[in-house]
Amino acid sequence: MGETAGAGRIAKGTPQYRRTSLAIFSCGFSIFALLYCPQPILPLFVDEFHVSPAQSSLALSLTTITLAVAMVFASSFAEAFGRKPLMLGALVAASVLTLLLSVATQWSQILWLRALAGVALSGMPAVALAYLGEEMEPQAVAPAVGLYIGGGALGGMSGRLFVAVLADYGSWRIAMAFIAAMGLVSAVIFWRALTPSQHFVPRGLHFSGLAASLFRHFRNPGMVLLVCEGFLLLGGFMVLYNYVGFRLQAPPFNFSQSLAGLVFACYPIGSLGSATMGNLAARFGRGRVLVASILIMIAGLILMTPDTPVTIVVGLAIMTFGFFGAHAICSGYAPALAEQDKAQASSLYLLFYYVGGGIAGSAGGLFWSSAGWPGVALFSGLLMTGTLIAGVLLARRAPSQ
């Protein structure tokens, strides 16, 4: 029958809690490093494979899109086969695919490997949160989730920085191999440290009710606004991060690969943003703080307009703060708005969130090729304006839900 309830739940402060936290942190770190590692080297793909900036961004966009679609089904596989096996398999598979990427010689091979990496990575995000909710005592869940999110933010930043520096002083292939090796080390830590599920009961593999469950949420106007919000939110954010490297490596800056990659050091500010805006939402309501977070994003975008490195970096940091604050609030909105199938509501939000980032991230390349940074900024600004409109409407419908 599999692993069933019997043993007590994991309590905060115990050795088991520390081992579980280490496993979840290291996994979150590597998953997001593996997901976003090509972002700093998109200009190198343009030069080596003779593709356009929009085509180069597919190395990231395809991964986020396949991750989003596969994640809907990954939750069903996790219900049938267990939490730890699926998470471990996701980490190992994504690492191996990234290692193969380091020796790919054709652009089509890179795209296939990155698309498959998205499928592999889909086995982690929702499943990790489900594991923590099942296995830990209620008061231990929030700190553990915070560690997972913090690990993801640190991994996303570190992976980009490592790749930028290694690509500058070695090659992008060495950089990819390094990220793959880091993922495999994390897989060993995860395998050794994470306790097998004690409260998981297999439910069988069923997809018959999945589509009906997802479409049921579209009858809820609040959920419709929320998925539109997610689509536009990551889209506006991803466009800026995808092409700021192109801007800094072009005249008048002519930065090196590693120096341009330092902009990704802004990412830890996102953790501060999610924590700060989350606390403010508890006081003033999700709706108001969501709108404030989006306005902060727009202010950061405007500040990035002048051709000075200081304003670009400060503006990007402000935009990142607002983005993570908005994303944290939207993530909490999903289960609150859903009348039933709350886990599916979260999956639906993440589906549109990642698809929006993938589509907009690649479309931004067309604006870069035709109008440079002003075109990218205009496109991102339009997406953020849409995000603001959806946020205002959502705030009016469910101001503090």
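Cut-offs used in this document
Residues numbered from 1 in each chain as written. Predicted model: local features only at pLDDT ≥ 70, side-chain atom pairs only at ≥ 80, totals over all residues. Heavy atoms only, no water. Helix = DSSP H or I, 4+ residues; strand = E, 2+ residues; numbered from the N terminus. Buried < 20%, exposed > 50% of the residue type's maximum accessible area, 1.4 Å probe, protein only. Contact = heavy atoms within 4.5 Å. Areas by Shrake-Rupley, 256 points an atom, 1.4 Å probe, with all protein chains shown as cover. Phe/Tyr/Trp six-rings, centres within 6.5 Å; stacked < 30°, edge-to-face > 60°. Lys, Arg positive; Asp, Glu negative; His and termini not counted. Salt bridge = Lys/Arg side-chain N within 4 Å of Asp/Glu carboxyl O. Polar contact = N/O pair within 3.5 Å; in protein donor to acceptor, adjacent residues only side chain to side chain. Core = buried A, V, L, I, M, F, W, Y, C linked by side-chain atoms within 4.5 Å. Expected span 1.5 Å × (residues − 1). Axes fitted to C-alpha atoms, helices over the stretch in contact; angles between N-to-C directions. Parallel < 35°, antiparallel > 145°, perpendicular 65-115°, else oblique. Left-handed = near helix turned anticlockwise from the far one by under 90°. Nonpolar A, V, L, I, M, F, W, Y, C, P; charged D, E, K, R; others polar.

## Quick look at the overall build of the protein
Counting its secondary structure elements, the protein contains 16 helices and zero strands. A total of 401 residues make up the protein; the buried ones form 56% of that total. In the protein, the proportion of contacts linking residues at least 24 apart, taken out of those at least 6 apart, comes to 84%. When the accessible surface of the protein is summed, it comes to about 15,800 Å², and 70% of that surface belongs to carbon and sulfur atoms.

## Considerations on unusual backbone geometry
Geometrically, the link from Pro251 to Pro252 is a cis peptide bond, its omega value of 10 degrees lying close to zero. Positioned with a positive phi, His50 is a non-glycine residue whose angle comes to about 55 degrees. For His50, a relative accessible area of 71% translates into the label exposed. The backbone phi angle of Asn254 is positive, close to 55 degrees, even though this residue is not glycine. Along the polypeptide, Asn254 turns up in the loop between α11 (221-249) and α12 (257-261).

## A look at the side chain of Ser26
Relative to the assigned elements, Ser26 resides in helix α1 (residues 15-36). The residues touching Ser26, leaving out its near neighbours within four places in the chain, are Ser186, Ile189 and Phe190.

## Some thoughts on the packing of aromatic side chains
All chains considered together, the criterion is met by 23 aromatic pairs. With a centroid separation of 3.8 Å and an interplanar angle of 10 degrees, the aromatic rings of Phe237 and Phe323 are classed as stacked. In this pair, Phe237 is assigned in helix α11 and Phe323 in helix α15 (residues 309-337), connecting sequence segments 86 residues apart. Considered together, Phe237 and Phe323 belong to a single accessibility category, that of buried residues. An aromatic cluster of three or more residues is present, and its members are Phe237, Tyr241, Phe264, Tyr267, Phe323, Phe324, Tyr349, Tyr353 and Tyr354.

## Some points on the side chain of Arg114
With respect to the helices and strands, Arg114 occurs in helix α6 (residues 107-121). We note that Arg114 is buried and unpaired, the nearest opposite charge coming from Glu48 at a distance of 15 Å. At a separation of 2.6 Å, a polar atom in the side chain of Arg114 contacts the main-chain carbonyl oxygen of Ala59. Apart from the residues lying within four places of it in its own chain, the contact partners of Arg114 are Leu34, Leu35, Cys37, Pro38, Ala59, Leu60, Thr63, Thr66 and Leu101.

## Remarks on the environment of Trp373
Along the chain, the position of Trp373 falls in helix α16 (residues 342-397). Trp373 gets classed as buried once you look at its relative accessible area, which sits at 8%. When the C-alpha atoms of Trp373 and Asp307 are compared, they prove to be 9.9 Å apart, with 66 residues separating the residues in sequence. Discounting chain neighbours no more than four positions away, the residues touching Trp373 are Leu240, Tyr243, Val244, Arg247, Met304 and Trp368.

## Thoughts on the nonpolar core
One finds Phe45, Leu226, Met319, Phe323, Tyr354 and Trp373 to be the most contacted residues of the largest nonpolar core, which totals 125 residues. Counting residues per element, this core draws most heavily on α16, at 19 residues. Setting aside anything within four residues of it in sequence, one finds Phe323 in contact with Leu233, Leu234, Phe237, Met297 and Tyr353.

## Concerning α1
Every α-helix winds through 3.6 residues per turn, so residues three or four apart in the chain are directed the same way. The first and last C-alpha atoms of α1 sit 32 Å apart over 22 residues, in line with the 32 Å expected at 1.5 Å per residue. Along α1, 16 of the 22 residues are buried, which leaves the element largely enclosed by surrounding structure.

## Quick look at the packing of helix α5 (residues 83-101) against helix α9 (residues 172-193)
At their nearest, the axes of α5 and α9 sit 8 Å apart, and the two run at 160 degrees to each other. The angle between the axes of α5 and α9 places the two elements in the roughly antiparallel class. By crossing handedness, the relation of α5 to α9 is classed as left-handed. Contact residues: Lys84, Met87, Leu88, Leu91, Val92, Ser95, Thr98, Leu99 and Leu101 in α5; Trp172, Arg173, Met176, Ala177, Ala180, Gly183, Leu184, Ser186, Ala187, Phe190 and Trp191 in α9. Looking at the contact of α5 with α9 residue by residue, the classes come out as 14 nonpolar, four polar and two charged.

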